[in-house]
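Per-entry structural report
Listed here are the chains, written in short residue letters.
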Amino acid sequence: MKFLFGIILSVVVTSLDSVPGVEIVQDSTVSVLLDEAMHGKKEWVEIDGYRVQIYSSNKQQKAKTEALDLETRLKGTISQTIYVQYVSPFWKVRLGDFRSYNEAKEYKKLFVQQYPSLMGDTYIVRDKISVLQ
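This report concerns the structure included in the present document.

What follows covers the pattern of salt bridges. Inspection of every chain in the model, using the stated rule, returns 6 salt bridges. Ionic pairing is found between D97 and R51, a salt bridge with its closest N-O pair at 2.7 Å. Of this pair, D97 sits in strand 3 (residues 90-98) while R51 sits in strand 1 (residues 44-57), placing them 46 residues apart in sequence. In the salt-bridge network here, residues are joined through shared partners; they are R51, R94, D97 and D127.

Listed below in structure tokens is the structure:
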């Protein structure tokens, strides 16, 4: 039943994706769940990769609030996973799990077009990323 549902959903999403004027914005988890439904469950592993960092602050009185507010503001509006991290003494907000620098660079370019006010705080950083294997 899960397999059949995965195939049907995949066909619908693929069909909509090719319709002019229709843009599908989905969390990367949706693709993972479809892949699991169609090919069997895989395992999450951490590897070296890249993320797009859009916020970093060590101002203890407001950094946590600003990081969480930014996460709330972006949820549902971007296609990448949002990571809010505290690495003493910094609060950071990072986006995505990119295997290559060029993937991260392309996403950063699209992100700053959508959110130009964050351009000055947006960088590509090396990080451990989560991928299915």
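Still more ground to cover, so stick around.
Along its 12 residues, helix 3 (residues 63-74) runs 17 Å from first to last C-alpha, staying within 8% of the 16 Å computed at 1.5 Å per residue. Of the surrounding secondary structure, the elements contacted by the buried residues of helix 3 are strand 1, strand 2 (82-87), strand 3 and helix 4 (101-114). Two residues or fewer after helix 3 comes G76, characterised by a positive phi angle close to 80 degrees.

Turning next to the environment of K64. With respect to the helices and strands, K64 occurs in helix 3. A relative accessible area of 43% places K64 in the partly exposed class. Along the primary structure K64 and W91 are separated by 27 residues, whereas in three dimensions their C-alpha atoms are 6.1 Å apart.

What follows concerns the nonpolar core. Core analysis: the biggest nonpolar cluster contains 21 residues, and I54, L74, I78, L95 and F111 have the highest contact counts within it. When contributions to this core are tallied by element, the ones reaching two or more residues are strand 1, helix 3, strand 3 and helix 4. Setting aside its immediate chain neighbours within four residues, I54 contacts L70, L74, V93, L95, F111, D121 and T122.

Basis of the calculations
Residues numbered from 1 in each chain as written. Predicted model: local features only at pLDDT ≥ 70, side-chain atom pairs only at ≥ 80, totals over all residues. Heavy atoms only, no water. Salt bridge = Lys/Arg side-chain N within 4 Å of Asp/Glu carboxyl O. Helix = DSSP H or I, 4+ residues; strand = E, 2+ residues; numbered from the N terminus. Expected span 1.5 Å × (residues − 1). Contact = heavy atoms within 4.5 Å. Buried < 20%, exposed > 50% of the residue type's maximum accessible area, 1.4 Å probe, protein only. Core = buried A, V, L, I, M, F, W, Y, C linked by side-chain atoms within 4.5 Å.

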